[in-house]
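These are the residues of each chain, in order.
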Amino acid sequence: MKETTFNPANVSDWEQAAIKTLKNKSFESLSTKTLEDIILKPLYTLEDLNNIPSNLTSIVRESKSSSDWLIAQAVTGNTSKEILEDLKESASKGNEIIFYTLDTQHNWKGPELEELKSLLEGHTVLLDVTIDPSFLHNFNNLNGLVKGANGEKLHFSNARTYFLDASFIHKVGGDAVSELTSVLVQADALSDTRDFSEFSERAFVQFSIDTNFFMEIAKLRAFRILWKAFGEAHGIEDIAPIPVHAETSLRSFSALDSNVNILRAGNSALSAVLGGSDSITTYPHDSLIGVNSTSKRIARNMQLVLKEETHINRVFDASGGSYYIETLTNELVERSWSYFLELMKEDTLDGRNQKLIERAEAKWDEELESLSTRKKSLIGTNVYANPDDSLEYQINPTDYKRLAGPFEQLRKAFHQNNLKTAIVPYGILKEYKARMDFVSGFLIAIGISPLIAPENLKPFDLQKWIDEQHIDYVVFVGNDEQTNGLVPALLKEKLSVPMDVAGKFEEYEDWLDAGLFGRIYAGQSLLDKAKELLMLAKKEVSPENA
């Protein structure tokens, strides 16, 4: 066995082997295009590193002093007393940063204010005083990060008060390039009016981390490189690294089958760790419908498990050296810097921000279209939806645009405007089952739970069954031969309810002329079809195809 040798493999050999398994598809079909317009290859090798700066990995590693990160779970409560209780509870159960957002309903005074002062001054903090920066004057010293301080120096020698917010552009739909560029635009605006060295030493940045695992890792690593390039552009070769705070994004969170949000948050948290965040907030899976002590504990324990069970906090830059991640990181650096230089041609900060928002909105529309046509999956929402999920409860408002939002609205709309739907199958089960399952999943995803009619009903019996079951709308399902033969016959019988056909057929236009209502097929927009059916449910369109 020791003398056994293997022929050296190369990319060309791998490509030829892959092509044999693709049947009629092209090799290019294995490549995918991201929201950032980056083409992802099916395989990355050492050769891909030839076009990457040799110091890319070292820049990332030199910008962090530790492989560990701090757990920064937000404390919540309706009163100052509840805030104090949650603060002490979370700190005793593993929370390492006090993350508190000042709220007008929290009435801080007397003993409660003194207790808060003692707790905040004795811990590392992530404090948001955006609604009232004067609240900071209650404290003699703070150690950590402060949002909403407007960059005021105050008297806190250990607090960073210049906040660079990448989350804002993420919340309105931006891609990774938009987020990275927005940080550079903000940093340029802040550094223009103050000493750059002083600014860089008191700045910190926040990113929202979504579920695109490798892209989110690369995004955080790309920021470290862009920050160094930004410093060099201002004449500082060795700019001081700034703390990176990450929060799990609510963009992919859904109130439908909310337990799946545990997986989404866990995925995002691991991305934040591997990307090199200095502190991380993981939002509870039920953030949209009301958190409780259990969900907050689960969210906090996600990070504790990552630390104590995987020991990943002992590995410095675990993703460094990966051909794929290093290539992706470099792509983001080049695209973000190029876009930054393009935006700097705008005369005003408002003009730059407007361009960023326009790009973010366009990217949002693109991502929503991918979700609607099922090119992208959101489990429990546009695929594998549970028809028993209820949305009768109130969904908490959030400043995140959420991909599940339109689907949640449709669920509510069809609950209020019931469209009793049936799938009418024809042929042999094994020949139509795949198409029937697709139609059923399609309808459930938009909020319609269809009945399945007895198979192979004659027109008279089908009409009788429709009347007995009080059906409002039907979808014909069969194999291609059955569909071509029976749909015209059923249309001649003029059923009392509108009928769609499952699949795409050359005779479709002729069937429309004969009275067909529409069709359901792979690649169709869920949202567009849902709007059409909702109008039918509301009786805003005639059941007959005019």
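Structure first, text after, so check above.
These remarks concern the structure in this document. Keep in mind that what you see is a predicted model, and the values were worked out from it rather than measured.

1. A look at the packing of helix 3 (residues 80–92) against helix 4 (residues 110–121)
Part 1 of the reasoning: In the contact formed by helix 3 and helix 4, the axes pass within 10 Å of each other and the chain directions differ by 30 degrees. When the axis of helix 3 is compared with that of helix 4, the two are roughly parallel. Note that helix 3 runs across helix 4; the crossing there is left-handed. Of the residues in helix 4, those in contact with Ser80, Lys81, Leu84, Leu87 and Lys88 of helix 3 are Glu112, Glu115, Leu116 and Leu119.

2. With respect to the sheet that holds strand 8 (residues 162–165)
For sheets, the rule is that strands pair by backbone hydrogen bonds, running either parallel or antiparallel.
Part 1 of the reasoning: One open sheet holds the five strands; their spatial order is 3-11-10-9-8, and the pairing between them is parallel. With partners counted over all chains shown, the strands left at the sheet margins are strand 3 (70–71) and strand 8, one partner each.
Part 2 of the reasoning: As judged from the three bridges shared by strand 10 (residues 244–248) and strand 11 (residues 279–281), these two strands associate in the parallel manner. Bridged to histidine 245 within strand 11 is serine 279.
Part 3 of the reasoning: Of the strands in this sheet, strand 8 and strand 9 (203–209) touch helix 6 (residues 176–191), which is tilted by about 150 degrees from strand 8.

3. Quick look at the nonpolar core
Part 1 of the reasoning: One finds Leu164, Phe199, Val205, Phe207, Phe223, Trp227 and Leu332 to be the most contacted residues of the largest nonpolar core, which totals 57 residues.
Part 2 of the reasoning: The leading source of residues in this core is helix 8 (residues 213–233), at eleven residues.
Part 3 of the reasoning: Each residue touching tryptophan 227, except ones within four places of it in the same chain, is listed here: Leu164, Ala187, Phe199, Ser200, Ile239, Ala240, Pro241 and Ile242.
Part 4 of the reasoning: Judged by nonpolar contacts, the second largest core, of 35 residues, contains Leu371, Ile520, Leu526 and Ala537.

4. Focus: the pairing of strand 15 (residues 499–502)
Part 1 of the reasoning: Of the two faces of strand 15, the one lined by Met499 and Val501 and the one lined by Asp500 and Ala502 are each fully buried.
Part 2 of the reasoning: This β-α-β element, strand 14 (residues 473–477) to helix 16 (residues 480–493) to strand 15, shows right-handed connectivity.
Part 3 of the reasoning: Pairing of strand 15 with strand 16 (residues 518–520), which is carried by three bridges, proceeds in the parallel orientation. Within strand 16, the residue paired with aspartate 500 across the bridge is glycine 518.
Part 4 of the reasoning: Traced from strand 15 through helix 17 (residues 508–514) to strand 16, the parallel crossover comes out right-handed.

5. Focus: the pairing of strand 10
Part 1 of the reasoning: Extensive coverage of strand 10 is indicated by the burial of five of its five residues.
Part 2 of the reasoning: Judged by which residues are buried, strand 10 turns out to be covered on both faces: Val244, Ala246 and Thr248 on one side and His245 and Glu247 on the other are all buried.
Part 3 of the reasoning: For strand 9 and strand 10, the ladder comprises five bridges, and the chain directions are parallel. Bridge pairing in strand 10 places isoleucine 209 opposite threonine 248.
Part 4 of the reasoning: The parallel pair strand 9 and strand 10, bridged by helix 8, forms a crossover whose chirality is right-handed.
Part 5 of the reasoning: Between the parallel pair strand 10 and strand 11, the chain is carried across by helix 9 (residues 260–275), and the sense of this crossover is right-handed.

Rules used throughout
Residues numbered from 1 in each chain as written. Predicted model: local features only at pLDDT ≥ 70, side-chain atom pairs only at ≥ 80, totals over all residues. Heavy atoms only, no water. Axes fitted to C-alpha atoms, helices over the stretch in contact; angles between N-to-C directions. Helix = DSSP H or I, 4+ residues; strand = E, 2+ residues; numbered from the N terminus. Parallel < 35°, antiparallel > 145°, perpendicular 65-115°, else oblique. Left-handed = near helix turned anticlockwise from the far one by under 90°. Contact = heavy atoms within 4.5 Å. Pairing = 2+ DSSP bridges. Core = buried A, V, L, I, M, F, W, Y, C linked by side-chain atoms within 4.5 Å. Buried < 20%, exposed > 50% of the residue type's maximum accessible area, 1.4 Å probe, protein only. Right-handed = clockwise from strand over helix to strand, strands pointing away.

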